[in-house]
Amino acid sequence: SKDYEKENIRRIKEIQKKCKEKERAQEHSQPKPVKALWKSQKYEHVESKVKAKLQESSPPPNPEALKFLRAYSRCGPGIKPCRPLSPSPARTKAGADTEAPEALGAETKIQVEGTSIDFIKHNARNAKRAPLRRSQSLQALAELLEQKHQEQEEYNTKQKGHVPQYLLERKELWRRQMEERLRNLPDPDTPPGHTMMPEGQRLETLGNLKHSQEQLTKDLVMLPVRTDALSTQKRRLELERKLSQIDEAIKIFSRPKVFIKLDS
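Model, not experiment: these values are computed from the prediction.

> Quick one: what's the story with the overall build of the protein, residue by residue and with numbers?
If you tally the helices and strands in the protein, you get 10 helices and 4 strands. Every one of the 264 residues in the protein was classed for burial, and the buried ones make up 9%. For the protein, the proportion of contacts with a sequence separation of at least 24, taken over those separated by at least 6, is 60%. Within the structure as shown, the protein displays about 24600 Å² of accessible surface, and the carbon and sulfur contribution to it stands at 56%.

> Let's hear about helix α1 (residues 4-29): which residues, and what values?
Taking 1.5 Å of rise per residue, the 26 residues of α1 would be expected to cover 38 Å, and the 37 Å separating its terminal C-alpha atoms lies within 8% of that figure. Where α1 begins, the capping side chain belongs to Asp-3, and its oxygen is found 3.4 Å from the backbone nitrogen of Glu-5.

> Could you give me a rundown of helix α9 (residues 199-222), with the residues and numbers involved?
Between its first and last C-alpha atoms α9 spans 35 Å; for 24 residues at 1.5 Å apiece the expected length is 34 Å, and the two agree. When α9 is considered as a whole, its buried residues turn out to be Arg-202, Leu-206, Leu-209 and Leu-216.

> Which residues make up the pattern of salt bridges, and what values do they have?
According to the stated counting rule, one finds 8 salt bridges in the structure shown. Put simply, Glu-14 and Arg-10 hold a salt bridge, and the shortest N to O gap is 2.5 Å. Of this pair, Glu-14 and Arg-10 both sit in helix α1, 4 residues apart, which is roughly one turn of that helix. The partly exposed category is assigned to Glu-14, whose relative accessible area is 30%. Given the relative accessible area of 40%, Arg-10 is considered partly exposed. Between Arg-176 and Glu-172 there is a salt bridge, with the nearest N and O atoms lying 3.8 Å from each other. Here Glu-172 and Arg-176 lie together in helix α8 (residues 165-184), a separation of 4 residues that amounts to about one turn. Judged by relative accessible area, Arg-176 falls into the partly exposed class, the value being 45%.

> Can you tell me about a nonpolar patch on the surface, naming the residues and giving the values?
Residues Val-163, Tyr-166, Leu-167 and Leu-168 make up a contiguous nonpolar surface patch of about 400 Å² in total accessible area. Locating Tyr-166 in the fold gives a position in helix α8.

> Tell me about the nonpolar core, and name the residues and values.
A general tendency of soluble globular proteins is for nonpolar side chains to be buried together. Judged by nonpolar contacts, Met-197, Leu-206, Leu-209, Leu-216, Leu-223, Leu-239, Leu-243, Ile-246, Ala-249, Ile-250, Phe-253 and Val-258 together constitute the single largest core of 12 residues. Secondary structure elements with two or more residues in this core: α9 and α10 (230-253). For this core, the element with the most residues is α10, which contributes 6 residues. The residues touching Ile-250, leaving out its near neighbours within four places in the chain, are Leu-206, Leu-209, Lys-210 and Gln-213.

About the thresholds
Residues numbered from 1 in each chain as written. Predicted model: local features only at pLDDT ≥ 70, side-chain atom pairs only at ≥ 80, totals over all residues. Heavy atoms only, no water. Helix = DSSP H or I, 4+ residues; strand = E, 2+ residues; numbered from the N terminus. Buried < 20%, exposed > 50% of the residue type's maximum accessible area, 1.4 Å probe, protein only. Contact = heavy atoms within 4.5 Å. Areas by Shrake-Rupley, 256 points an atom, 1.4 Å probe, with all protein chains shown as cover. Expected span 1.5 Å × (residues − 1). Polar contact = N/O pair within 3.5 Å; in protein donor to acceptor, adjacent residues only side chain to side chain. Salt bridge = Lys/Arg side-chain N within 4 Å of Asp/Glu carboxyl O. Patch = residues over 30% accessible without salt bridge, like charges linked within 9 Å, V, L, I, M, F, W, Y side chains within 5 Å. Core = buried A, V, L, I, M, F, W, Y, C linked by side-chain atoms within 4.5 Å.

Given below as structure tokens:
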């Protein structure tokens, strides 16, 4: 169910707020009476000098003052002025040398119609020959955009897509550190009371065993075929026993990991 009591109270407060804002706006819009300046009774009958000055009639204008510093004020009708009103546009030295004398005279010539000078045609002729100049801000903006474009092209050709050298060096350093850390970690396959033989020592031992195997094989081949003598038989048996031991040792040291029992 809707609470009409709260809704009515809220509506009344909104109406009161709008009425107060309206009264406040009317108070601000009404002009306030200007407070009269304090004036001493001593000067009540004294006339204002500014008021008397304003009531005076102004003197008649001087005709010479109207033409003071005005262009061609001292020139009679139809007399060419000593200097042109607006300067001629800047031209290069080469262009000035190649122009005809008639063109130079046409630039500074001012048409005279009756007693007046046609400055509009003269200024229009000079405006057509004047070069188009851009503001310095637009030129600076164009130069800045061109410089940014060149920098972006240089970046795209030289640096974009290439890994910096310091990142390559850092990656190689991290790889060596990881290998060293893995090399120093204990092998999880190591049985208790044992240690893994270094790789260099294992290869050296394997090489010595193979060399001994080749030497014993040569000695066995050099024995005589007849084995009637007891010493020859013993020699053959001893060589065969050593070869079998060396074969077992070669199988052990040929493994990638060789564990040695620690001395208790």
